[in-house]
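Overview (structure and organization)
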Amino acid sequence: MSTTKTIKSALISVFSKDGLEPIVRKLHEQNVTFYSTGGTEEFIKNLGIPVVPVEDITSFPEILGGRVKTLHPKIFGGILNRQNNATDVQQMQEFDIPQIDLVIVDLYPFEKTVASGASEADIIEKIDIGGISLIRAAAKNFNDTVIVPSVNEYGLFLEMISEGNGATTLEQRRLLATKAFHTSSHYDAAIFNYFNTDETILKVSETNCQVLRYGENPHQKGFFFGDFDAIFTKLHGKELSYNNLLDVDAAVNLILEFKNDAPTFAILKHNNACGISTRNSMKEAYLDALAGDPTSAFGGVLIANGKIDVATANEINSLFCEVVIAPSFDEEAVTILQEKKNRIILTINNVPLPNRQVRTCLNGILVQDRNNITDNKEGLKNVTITTPTNQEIEDLIFASKICKNTKSNTIVLAKNGQLIAAGTGQTSRVDALRQAIEKANSFNFDLNGAVMASDAFFPFPDCVEIAKNAGITAVIQPGGSIKDELSINYCNENKVAMVFTGTRHFKH
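Reference entry: report on the structure contained in this document. (Residues numbered from 1 in each chain as written. Predicted model: local features only at pLDDT ≥ 70, side-chain atom pairs only at ≥ 80, totals over all residues. Heavy atoms only, no water.)

Topic: the overall build of the protein
Applicable threshold: A run of H or I in DSSP becomes a helix once it reaches four residues, and a run of E becomes a strand once it reaches two; helices and strands are each numbered from the N terminus. Every radius of gyration here is taken over C-alpha atoms, with the globule rule written as 2.2 Å times N^0.38, N being the number of residues. Relative accessibility under 20% of the residue-type maximum defines a buried residue, over 50% an exposed one, and the middle range a partly exposed one, all with a 1.4 Å probe and only protein chains included. Throughout, a contact is declared for two residues whenever any of their heavy atoms are within 4.5 Å. Areas reported as accessible are Shrake-Rupley estimates using a 1.4 Å probe. Residue values count occlusion only from the protein chains shown. Charged residues are defined narrowly, with Lys and Arg counted positive, Asp and Glu counted negative, and His plus the chain ends left uncounted. To locate a charge, take NZ of a lysine, CZ of an arginine, CG of an aspartate or CD of a glutamate.
Along the protein, the regular secondary structure elements total 19 helices and 23 strands. A compact globule built from 508 residues should have a C-alpha radius of gyration of about 23 Å, whereas the protein, at 31 Å, is more than 25% larger. Viewed in the frame of its principal axes, the protein has a C-alpha envelope of about 100 × 50 × 40 Å. Going through the 508 residues of the protein one by one, you find that 47% of them count as buried. Taking the contacts inside the protein whose residues are at least 6 apart along the sequence as the reference set, 56% of them involve residues at least 24 apart. With the model as given, the accessible surface of the protein reaches about 25,200 Å², and the carbon-plus-sulfur share is 50%. The average position of the 47 basic charges and that of the 60 acidic charges among the side chains of the protein differ by 3 Å.

In structure tokens:
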């Protein structure tokens, strides 16, 4: 028995009519009978094409202000009947139920209505009942019925019927059924998330997917699920890789800490800052960020908290880098940066990031609130006899912002608004400090008068002792160890200023 089915009748009830006309005309060429309701019925009539109102089938009018239109056994029987089932065939004849071979639906725009800030009453009215029921019914019966579940599939369906002269294969119907259940499950998830207030329940549904060249390594598949274009406008360059995206995410989170500060430029590699500086001009900020670690900057991701001008672009252009990000660029700056054909240039839009972070863990997922606390001057607690100078306070806050966005265990050393060095991702905080000191010395930085930031407390005074001997004069840390006094006493004995923030900033 052939699994190819020729469409002879269609029920169409859609919100969006964009792209619907060529489908209707193509089906009309195949002598398809149309059934419809409301605005869609009027749309088809206006094309000069005959259409049968659903009321003529059900002998029941549209009621409750349009809330009930298609919910009727004569409609769902026409969709759900199994054409190779004798009982179904007999009942179709007994109850005078017309065969419906095709259902085209486009649901009320629930998510767009929520995003518009509409009233709850308006939002509730955009919860589609009949449409979602039609989608599920037709998709369930894909052996016999074709479902086009949204405006997004109009083009695909038009191609199918154009190539098949109004007929579809079982494979095509199954594909459309898969898309239908994707549409319905995403719609239901959006409605649930609108109502849900229970943080212990998580439903995530994302319709945007970008297939990446590969994952973290060439032998791994990679995908990005999300609306990248909502956050960025891509001006130039190749497609972003999995690793590019991770670095871009780290860069965006870091630069947000400096959103309202003087010109600040950061360079990141493997999700950590290898250079960052705040200066009076973006060019100066870039050059001093680069000076922090010109070796690691090669192939890095660059990001600025303000416009990248021509002078800055000329300096950047001499560095091999994967990505350059800024809120805006001078037109000529873009032209300069485009000289490297693969260099990715992105403008970042003012779009808030999600308030919750999700990652896989074992056979499940971990969810946590975003770390939205940024240490500030008002929240600092002086715990030593020696108090930090105004410049040291500025540097302590600067270093703390970097520390918050660096992989633990981490120690950050900074001086005069510049990252001197960081120890990143170490199993020991002492090792992180020693790594940072060694790195600073390798680039000939003078650590005398520099400050130190730690992502967590010091259980012993070893770190403050090592820092003091290297020239560090001020320290910022969360505090909270039962042995805080050991570090405080050492600082008091050696005239080192130390402040507590009360907030740990682990990052794993």
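On we go.
Focus: the side chain of S481
If you trace the backbone, S481 turns up in the loop between β22 (474-477) and α19 (484-493). A relative accessible area of 10% places S481 in the buried class. Apart from residues lying up to four places away in sequence, S481 is in contact with F457, F458 and P459.

Examining the pattern of salt bridges
The following threshold applies: Whenever a carboxyl oxygen of Asp or Glu lies within 4 Å of a side-chain nitrogen of Lys or Arg, that contact is scored as a salt bridge.
Here the structure, examined in full by the defined rule, presents 16 salt bridges. K26 is the salt-bridge partner of E29, the closest N and O atoms lying 3.6 Å from each other. Remark: K26 and E29 occur in helix α1 (residues 20-29); sequence separation between them is three residues, near one turn of the helix. On the basis of relative accessibility, which here comes to 55%, the residue E29 falls in the exposed class. Notably, a salt bridge pairs D455 with R429, separated by 2.6 Å at the nearest N-O pair. Of the two residues, D455 is situated in the loop between β21 (451-454) and α18 (462-470) and R429 in helix α17 (residues 429-442); the sequence distance between them amounts to 26 residues.

Let's talk about empty space enclosed by the protein
Here is the rule: Note on definitions: the grid is 1 Å and covers protein atoms alone; a cavity is a set of points where a 1.4 Å probe fits but cannot get out; a pocket is an open set with protein on both sides within 12 Å along at least five of seven lines; lining residues have an atom within 4 Å of a point. Grid points are joined across faces, edges and corners, and a volume is the space filled by probe spheres set on the points. Any residue outside Ala, Val, Leu, Ile, Met, Phe, Trp, Tyr, Cys, Pro, Asp, Glu, Lys and Arg is labelled polar, Gly included; the first ten of those are nonpolar and the last four are charged.
All chains considered together, the criterion is met by one cavity of 30 Å³ or more. Taken as a whole, the largest cavity holds about 60 Å³ of empty space. Taken together, D375, S400, C403, A453, S454, D455, I476, Q477, P478, T501, T503 and H505 make up the full set of residues lining the largest cavity. Looking at the lining of the largest cavity, the elements that each hand over two or more residues are α16 (390-404), β21 and β22. For the lining of the largest cavity, the per-class residue count stands at four nonpolar, six polar and two charged.

A few points about the pairing of β22
Worth spelling out the cut-off: Two strands pair under a simple rule: DSSP has to find at least two bridges between them. If the strands point away from the viewer and the path from the first strand over the helix to the second runs clockwise, then the crossover is right-handed.
In β22, alternate side chains face the same way, and those of A474 and I476 on one face and V475 and Q477 on the other are all buried. Pairing geometry for β21 and β22, over three bridges, is parallel. Looking at the pairing, A453 lines up with I476 of β22. Inspection of the sheet shows β22 paired to strand β23 (residues 497-500) by four bridges, in the parallel sense. Directly across from V475, in β23, lies its bridge partner M498. Crossover connection from β22 via α19 to parallel β23: handedness right-handed.

What about a negative patch on the surface?
Note the following rule: Patch building starts from residues that exceed 30% relative accessible area and form no salt bridge, then joins like charges within 9 Å and nonpolar side chains (Val, Leu, Ile, Met, Phe, Trp, Tyr) within 5 Å.
Residues E111, E206, D227 and D229 make up a contiguous surface patch of negative charge. For E206, the position within the fold is in the loop between α10 (170-195) and β8 (209-211). Residue class for E206 comes out partly exposed when judged on its relative accessible area of 32%.

Re a nonpolar patch on the surface
A surface patch of nonpolar side chains, about 420 Å² in accessible area, is lined by L202, V204, V358, I365 and V367. Of note, V367 is situated in strand β17 (residues 364-369).

Let's talk about the environment of K507
Checked against the element boundaries, K507 lands in the segment after β23. Given the relative accessible area of 29%, K507 is considered partly exposed. Every residue in contact with K507, bar those within four places of it in the chain, is listed here: K404, N405, T406, K407 and S408.

So, the layout of surface pockets
The volume enclosed by the second largest pocket comes to roughly 590 Å³. Lining the second largest pocket are 20 residues, and of these D106, E111, S150, V151 and N152 sit closest to its centre. Of all the elements in the fold, those that place two or more residues in the lining of the second largest pocket are α6 (110-115) and α10. Looking at which element gives the most residues to the lining of the second largest pocket, the answer is α10, with five residues. When its residues are assigned to classes, the lining of the second largest pocket shows eight nonpolar, seven polar and five charged.

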